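Read off the chains here:
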Amino acid sequence: MAPYESDDAVGAARDEDSRSGRRKAARYAVPVAVVGVAAATIGLVPALADSGDPDLPKISARQLIEKMSESDVQQLSGTVKISTDLGLPDLGGLEDGLLSGTAQGSGDGSSADPRSKLTELVSGTHTLRVAADGPDRQKLSLVERGAEYSLIHHGKDVWGYDSKSNEVYHGTAAESGKDHRTEPSATPKDFADEALKAVDDTTSVTVDGTAQVAGRDAYKLLIKPRQSGTTVGAISIAVDARTWMPLKFTLTPRSGGAAVVDAGFTQLSLARPAASTFDFTPPKGAKVTEEKDAGKAPEHTPKHGEDLARGLDGLNVLGEGWTSIATFDTGAEGGRPTGSQGGDLGGFLGSFGDQVSGKFGKGTVFSTRLVNALVTDDGKVYAGAVTKDALVKAADAGK
């Protein structure tokens, strides 16, 4: 079916807050943090199975965005498949350790801690089962290799269970608030809010026909950057034609090839899940780690783009729109971990980067298919969903 052109979608999606400086930080973080967001909001980033193009009434992009913002699906259950291809180098499994260590922080952690377990979603293809019954009962299960990891939010309790190690992690939702480290899933409304933040004068938005996802008719919302210099090609969201919840999320890079993130429901029911779905009792003999024993959590954990800018001391955002670049000073000479903290890690990581130079001096660019980061030899970092040349220009301008 032919695309429906958007007349005034961009204007309708903006409001006064979206013109503020804080919003620039949010816009930067949408593409940069997409993998983290996908892990945190996996309950609402549905969609891999397409079959057929249903004949639906025409709708403008403005109308579709408005309906997405009003969507309020409270009950659902289904199977989600997520594939992530950042183009990271093969570190022989070392990347899992690095990610887990970063997520857990200092001290001994539990293999059932969601901060470490859900980092597995950063690469490869994974199958999850999800269920939700209102804001206080959600469950996400990661099923792989004959083992299962489950994250359950039931009232004030948040449980993580790793069947492979027979370990349990227990937190209290009242203490964690909306901290996504312990939140099993988010709502379609949350994802719609993130999509709206990505729409501004630097963005083209159209309704790109229709699709069928997990047996449900959907419209396809296509979001494309107008700016050159960004690594983001397009974001496609399949939106349910009845409930207006997102049924498909696909982010493709400007360089082409496979999607960086392709996630969604392969099966979906909007019936209320059985109450027993959210019940959990630690199995006999399981090692239980309480949240307070797993190391003190930071006072503020950035949840979305706006919080990310506030959560990093000294972080500044250069430029606007899709070519925004975040920069901050690590205070570390050499730019990479050294000494007792880094050991040989700095040199090891350096072997995967490209050496660059300019007015700023010298540095190393670490690249993925979406996010690139320049670490200068004097410890400054420039990162964004932009090209390597854009990072060097930003560093030169900062001198």
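Residues numbered from 1 in each chain as written. Predicted model: local features only at pLDDT ≥ 70, side-chain atom pairs only at ≥ 80, totals over all residues. Heavy atoms only, no water.

### Some points on the overall build of the protein chain
(1) Moving on: Secondary structure assignment for the protein chain yields twelve helices and 18 strands.
(2) Moving on: Taken across its 399 residues, the protein chain has 49% of its residues classed as buried.
(3) Moving on: Accessible area for the protein chain stands at about 18,100 Å²; split by element, carbon and sulfur atoms hold 48% of it. (Helix = DSSP H or I, 4+ residues; strand = E, 2+ residues; numbered from the N terminus. Buried < 20%, exposed > 50% of the residue type's maximum accessible area, 1.4 Å probe, protein only. Areas by Shrake-Rupley, 256 points an atom, 1.4 Å probe, with all protein chains shown as cover.)

### Section: helix 12 (residues 388–397)
(1) Moving on: Every buried residue of helix 12 is listed here: Leu391, Val392, Ala394 and Ala395. Buried residues along helix 12 cover an arc of 160° about the axis, so they all sit on one side. Opposite its buried face, helix 12 presents the exposed residues Asp389, Lys393 and Ala397, each directed more than 90 degrees away.
(2) Moving on: The secondary structure elements touched by the buried residues of helix 12 are strand 13 (316–318), strand 14 (325–329), strand 15 (354–358), strand 16 (361–367), strand 17 (372–376) and strand 18 (380–384). (Arc of directions from axis to C-beta. Contact = heavy atoms within 4.5 Å.)

### Let's talk about the sheet that holds strand 16
(1) Moving on: Strand order in the open sheet formed by six strands is 13-14-18-17-16-15, with antiparallel pairing between adjacent strands. Here the strands that pair on one side only, and so sit at the sheet edges, are strand 13 and strand 15. With strand direction ignored, the average angle separating the axes of adjacent strands in the sheet is 25°.
(2) Moving on: Where strand 13 and strand 14 come together, three bridges link them in antiparallel fashion. Counted as the bridge partner of valine 317 is alanine 326 from strand 14.
(3) Moving on: This element, helix 12, spans strand 13, strand 14, strand 15, strand 16, strand 17 and strand 18 of the sheet and lies at about 35° to strand 17. (Pairing = 2+ DSSP bridges. Axes fitted to C-alpha atoms, helices over the stretch in contact; angles between N-to-C directions.)

### Some thoughts on the pairing of strand 2 (residues 124–133)
(1) Moving on: The pairing of strand 1 (residues 75–84) with strand 2 spans ten bridges and is classified as antiparallel. When the bridges of strand 2 are listed, glutamine 75 appears paired with aspartate 133.
(2) Moving on: Here six bridges tie strand 2 to strand 3 (residues 137–144), and the two strands are oriented antiparallel to one another. Across the sheet, the residue bridging to alanine 132 is glutamine 138, located in strand 3.
(3) Moving on: In textbook terms, the turn of a hairpin is the stretch between consecutive antiparallel strands, and for strand 2 and strand 3 this stretch comprises three residues, one of which, glycine 134, has a positive phi near 80°.

### Points about the sheet that holds strand 3
The pairing of strands in a sheet comes from backbone hydrogen bonds and takes either a parallel or an antiparallel form.
(1) Moving on: The twelve strands lie next to each other as 7-8-9-10-11-1-2-3-4-5-6-12, forming an open sheet whose pairing is mixed. Bordering the open sheet on either side are strand 7 (203–213) and strand 12 (287–290), each of which pairs with just one other strand. Averaged over neighbouring strand pairs, the angle between their axes works out to 15° when direction is ignored.
(2) Moving on: Here six bridges tie strand 8 (residues 216–225) to strand 9 (residues 232–240), and the two strands are oriented antiparallel to one another. Paired with leucine 222 across the two strands is serine 236, which belongs to strand 9.

### Topic: the nonpolar core
(1) Moving on: Core analysis: the biggest nonpolar cluster contains 54 residues, and Leu64, Leu76, Tyr219, Leu221 and Phe265 have the highest contact counts within it.
(2) Moving on: Here the element with the most residues in this core is strand 9; it accounts for five residues.
(3) Moving on: Core analysis: the second largest hydrophobic core is formed by eleven residues, Val365, Leu374, Val386 and Ala394 among them. (Core = buried A, V, L, I, M, F, W, Y, C linked by side-chain atoms within 4.5 Å.)

### Examining the packing of aromatic side chains
(1) Moving on: Under the definition given, this model contains three aromatic pairs.
(2) Moving on: Ring centres of tryptophan 159 and phenylalanine 280 lie 5.3 Å apart, and the angle between their planes is 45°; on these two criteria the pair is classed as tilted. One end of the pair, tryptophan 159, is in strand 5 (residues 157–162); the other, phenylalanine 280, is in the loop between strand 11 (261–269) and strand 12, with 121 residues separating them in the sequence. In this pair, the class of tryptophan 159 matches that of phenylalanine 280, namely buried. (Phe/Tyr/Trp six-rings, centres within 6.5 Å; stacked < 30°, edge-to-face > 60°.)

### Describing the pairing of strand 3
Two faces make up the sheet, and in a regular strand the side chains alternate between them.
(1) Moving on: Examined bridge by bridge, strand 3 and strand 4 (residues 147–154) share eight bridges and lie antiparallel to one another. Residue pairing across strands places lysine 139 opposite isoleucine 152, the latter belonging to strand 4.

### With respect to the environment of threonine 231
(1) Moving on: Looking at the secondary structure, you find threonine 231 in the loop between strand 8 and strand 9.
(2) Moving on: Using a relative accessible area of 11% as the deciding quantity, one classes threonine 231 as buried.
(3) Moving on: Expressed as a C-alpha distance, the spacing of threonine 231 and glycine 384, which sit 153 residues apart in the sequence, is 8.8 Å.
(4) Moving on: Among residues more than four places away in sequence, those in contact with threonine 231 are Pro253, Arg254, Arg369, Leu370, Asn372, Ala385, Val386 and Thr387.
(5) Moving on: A distance of 2.4 Å separates a polar atom in the side chain of threonine 231 from the backbone oxygen of leucine 370. (Polar contact = N/O pair within 3.5 Å; in protein donor to acceptor, adjacent residues only side chain to side chain.)

### Considerations on the pattern of salt bridges
(1) Moving on: Within the structure shown, the criterion is met by nine salt bridges.
(2) Moving on: Here aspartate 378 ties to lysine 380 by a salt bridge, and the two come within 3.4 Å at their closest N and O atoms.
(3) Moving on: Salt bridges sharing common partners tie together Asp133, Arg137 and Arg272. (Salt bridge = Lys/Arg side-chain N within 4 Å of Asp/Glu carboxyl O.)

### A look at helix 4 (residues 61–70)
(1) Moving on: Buried within helix 4 are the following residues: Ala61, Leu64, Ile65 and Met68. The buried residues of helix 4 occupy one face: seen down the axis, they fall within an arc of 100°.

### Side note on unusual backbone geometry
(1) Moving on: Of note in this structure, alanine 214 is not a glycine but carries a positive phi near 50°.
(2) Moving on: Here alanine 214 is to be found in the loop between strand 7 and strand 8.
(3) Moving on: On the basis of relative accessibility, which here comes to 18%, the residue alanine 214 falls in the buried class.
(4) Moving on: Positive phi outside glycine occurs at tryptophan 244, with the angle close to 70°.

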